[in-house]
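# Structural characterization, general
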Amino acid sequence: MKEHPVIEINGLQKTYAKSKKSPPKNALKGVDLSIPKGSIFGLLGPNGAGKSTLINILAGLVNKTAGTAEICGYDIERQTRQARASIGIVPQEIAMDVYFTPLQALELQAGYYGVPKKERRSEEILSALGLLDKKNAYVRQLSGGMKRRLLIAKALVHNPPVLILDEPTAGVDIELRRQLWAYVKELHKSGTTIILTTHYLEEAEALCDRIAIMHHGEIVANESKSSLMSRLDKRTLLINPSSPIIKIPSKLKGFDISINKDGAIAINYESRKNSISSILDKVKDSGILINDLKTEQPDLEDVFLSLTYSTNS
Ligand code: ADP
């Protein structure tokens, strides 16, 4: 039997009421989204796409206008308590009470979620996030990276099966980013479904197995990373000729072809229409001797731009 998705969203709409400064805003225009158990799911989209609105609705921080959302089978409206107990949210902002120690912060959070004292795992969580030796330090004494890890720790106190990370590495240096990725992968290995919003496409490419792209309050793509990346059928074959080419041979005129500054011949093609071997045959026919060759494929950034560029503001 197919497992129930951890998040099931149908026809979700959010209209923010008009204010003195702005007209009403349709931030979500009937979103359908299903997130499978066990995935590391990336929610991508340009600023203003509606990602935070969607996550804040799941977190119970924003009221939806219409539609339904379930977390682990619990309806966020009718079974609020169970739904909330099923997710941990790691917010973007590092806003924490600096007068508590990490251990106190986790104990308070556990109390907030009603985790009985006997079932609390504060030290275990701090240890998993490399913070055990700081358990009695004041939060204000922690580095930025430690504070971020503490935010993850806080989101885990009630042992949620789903963890949502909102822009987990915004403004974080590369070393810390890699450390956080490693923690996320560990958590995933231990069975937690991970959902993350990010505008670092590199992050989504490195971590996520499924990716949805939002744009103007709608989901414009939702598929496995590999199928998303293969969406763009563009390929480039780069050939380094044995001797420099000045003019494109007439036999190759039918191709989208150019000669790079470094003398390499770049042939753009669509893999569904042309096989590499047929292109190479034509290259050989034209008398070019090949010294070296490589192919280039589009990356997530190209796919992202192709899906969001046309109407980007
Ligand atoms: P993202 O997280 O993808 O950047 P948001 O969900 O924050 O997108 O925003 C989606 C749209 O809703 C944007 O146009 C934003 O200006 C608008 N919006 C977000 N929050 C509010 C709010 N509290 N009141 C009015 N408009 C809002």
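Structure report, in brief.

### With respect to the overall build of the protein chain
Within the protein chain one finds ten helices and 14 strands. Against the globule reference of 20 Å for 313 residues, the protein chain gives a C-alpha radius of gyration of 25 Å, more extended than a compact globule. Oriented by its inertia axes, the alpha-carbon framework of the protein chain measures out at about 80 × 50 × 45 Å. Among the 313 residues that make up the protein chain, the fraction classed as buried is 44%. Taking all contacts inside the protein chain whose residues are at least 6 apart in sequence as the whole, residues at least 24 apart take part in 69%. Surface summary for the protein chain: the accessible area is close to 17000 Å², and the carbon and sulfur share equals 49%. In the protein chain, 42 side chains carry a positive charge and 35 a negative one; their mean positions are 4 Å apart.

### Quick notes on empty space enclosed by the protein
Inspection of the entire model under this criterion finds three cavities of 30 Å³ or more. Space inside the largest cavity adds up to approximately 50 Å³. Around the largest cavity, the lining residues are V90, P91, R148, L151, I152, L165, P168 and L180. The residue makeup of the lining of the largest cavity, split by class, is seven nonpolar, no polar and one charged. The volume enclosed by the second largest cavity comes to roughly 40 Å³. In terms of lining residues, the second largest cavity is bounded by I7, I9, L33, I35, L43, L54, I55, L58, I164 and I195. Looking at the lining of the second largest cavity, the elements that each hand over two or more residues are β1 (7–16), β2 (25–35) and α1 (51–58). With three residues, α1 is the largest single contributor of residues to the lining of the second largest cavity. For the lining of the second largest cavity, a count of residues per class yields ten nonpolar, no polar and no charged.

Reading the values: the criteria
Residues numbered from 1 in each chain as written. Predicted model: local features only at pLDDT ≥ 70, side-chain atom pairs only at ≥ 80, totals over all residues. Heavy atoms only, no water. Helix = DSSP H or I, 4+ residues; strand = E, 2+ residues; numbered from the N terminus. Rg over C-alpha atoms; globule rule 2.2 N^0.38 Å. Buried < 20%, exposed > 50% of the residue type's maximum accessible area, 1.4 Å probe, protein only. Contact = heavy atoms within 4.5 Å. Areas by Shrake-Rupley, 256 points an atom, 1.4 Å probe, with all protein chains shown as cover. Lys, Arg positive; Asp, Glu negative; His and termini not counted. Charge placed at Lys NZ, Arg CZ, Asp CG, Glu CD. 1 Å grid on protein atoms, 1.4 Å probe; cavity = no way out; pocket = protein on both sides within 12 Å on 5 of 7 lines; lining within 4 Å. Points joined across faces, edges and corners; volume = space filled by probe spheres on them. Nonpolar A, V, L, I, M, F, W, Y, C, P; charged D, E, K, R; others polar.

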